[in-house]
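# Observations on the model geometry
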Amino acid sequence: MEASGTSGMKAAINGVPQLSILDGWWKEAYNGKNGWALGHEEIDGNRDQADADEIYRILEEEIIPLYYKISDEGIPPEWVRVMKETIKSTAAQFSARRMVKEYTATFYSAVLRQL
């Protein structure tokens with residue numbers, strides 16, 4: 001009954017760049033070329049306003065301009081580069097195959113040996 005990944009992982013494998021805080025799977029996957037990360041600095045207490053400000057800044061200054069920077073052929077080449085890097089850096093690392101191999105090696109084999 002194990003899930004094979006979060007929606008973000010599944011989207012990334014299909015070339016959808018991420019914008020997320022650096023925790024969970026994104027902390028492991030983010031390489032600076034395959035999407036955007038926020039929440040780098042420690043903040044005491046509620047960080048909602050700081051995160052909201054950073055999300056809007058990244059959207060306005062980085063993501064939206066990159067997405068709409070279209071070549072003469074009607075293609076956003078820099079956005080496509082980020083999409084390709086997203087697939088390249090996540091497809092093998094966050095696959096159901098990896099999950100099954102890790103669970104087999106880490107958990108299932110040990111249980112079978114006890115039977």
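Conventions adopted
- Residues numbered from 1 in each chain as written.
- Predicted model: local features only at pLDDT ≥ 70, side-chain atom pairs only at ≥ 80, totals over all residues.
- Heavy atoms only, no water.
- Pairing = 2+ DSSP bridges.
- Helix = DSSP H or I, 4+ residues; strand = E, 2+ residues; numbered from the N terminus.
- Right-handed = clockwise from strand over helix to strand, strands pointing away.
- Buried < 20%, exposed > 50% of the residue type's maximum accessible area, 1.4 Å probe, protein only.
- pLDDT = per-residue confidence, 0-100.
- Salt bridge = Lys/Arg side-chain N within 4 Å of Asp/Glu carboxyl O.
- Axes fitted to C-alpha atoms, helices over the stretch in contact; angles between N-to-C directions.
- Parallel < 35°, antiparallel > 145°, perpendicular 65-115°, else oblique.
- Contact = heavy atoms within 4.5 Å.
- Nonpolar A, V, L, I, M, F, W, Y, C, P; charged D, E, K, R; others polar.
- Polar contact = N/O pair within 3.5 Å; in protein donor to acceptor, adjacent residues only side chain to side chain.

## As for the pairing of strand β1 (residues 18-21)
If a strand is regular, its side chains alternate between the two faces of the sheet. Sheet topology places β1 next to strand β2 (residues 35-38); four bridges connect them, and they run parallel. From the neighbouring strand, Ile-21 faces β2, where its bridge partner is Leu-38. Taken together, β1, helix α2 (residues 24-29) and β2 form a β-α-β motif whose crossover is right-handed.

## Some points on the environment of Ile-70
By secondary structure assignment, the location of Ile-70 is in the loop between α3 (48-68) and α4 (77-90). Of the residues examined, Ile-70 reaches a relative accessible area of 45% and is grouped as partly exposed. Placed 27 residues apart in sequence, Ile-70 and Ile-43 show a C-alpha to C-alpha distance of 37 Å.

## Structural notes on the confidence of the model for the protein
Of all residues in the protein, 95% attain a pLDDT of 70 or more, and the chain-wide mean is 88. When the elements of the protein are averaged for pLDDT, helix α5 (residues 96-114) gives the smallest value, 83, and α4 the largest, 96.

## A short note on the pattern of salt bridges
According to the stated counting rule, one finds five salt bridges in the structure shown. The closest approach of N and O atoms between Arg-47 and Asp-51, which form a salt bridge, is 3.0 Å. Under the relative-accessibility criterion, Asp-51 is labelled buried at 12%. In this structure, Glu-78 and Lys-69 form a salt bridge, with 2.8 Å as the shortest nitrogen-oxygen distance. Residue Lys-69 is classed as partly exposed on the basis of its relative accessible area of 47%. The network of salt bridges with common partners includes Arg-57, Glu-61 and Glu-62.

## As for the packing of α3 against α4
Orientation of α3 relative to α4, taken along the N-to-C sense of each, is 110 degrees, at an axis distance of 6 Å. As judged from the angle between their axes, α3 and α4 are roughly perpendicular. Together, Ile-63, Leu-66 and Tyr-67 of α3 and Glu-78, Trp-79 and Val-82 of α4 make up the contact between the two elements. Its residues assigned to classes, the contact of α3 with α4 comprises five nonpolar, no polar and one charged.

## Quick notes on the side chain of Asn-34
With respect to the element layout, Asn-34 can be found in the loop between α2 and β2. Judged by relative accessible area, which is 0%, Asn-34 ranks as buried. Among the polar contacts made by the side chain of Asn-34, one reaches the main-chain carbonyl oxygen of Ala-29 at a distance of 3.0 Å. Excluding its chain neighbours within four sequence positions, the residues that come into contact with Asn-34 are Pro-17, Gln-18, Trp-26, Ala-29, Val-82, Glu-85, Thr-86, Ser-89 and Thr-90.

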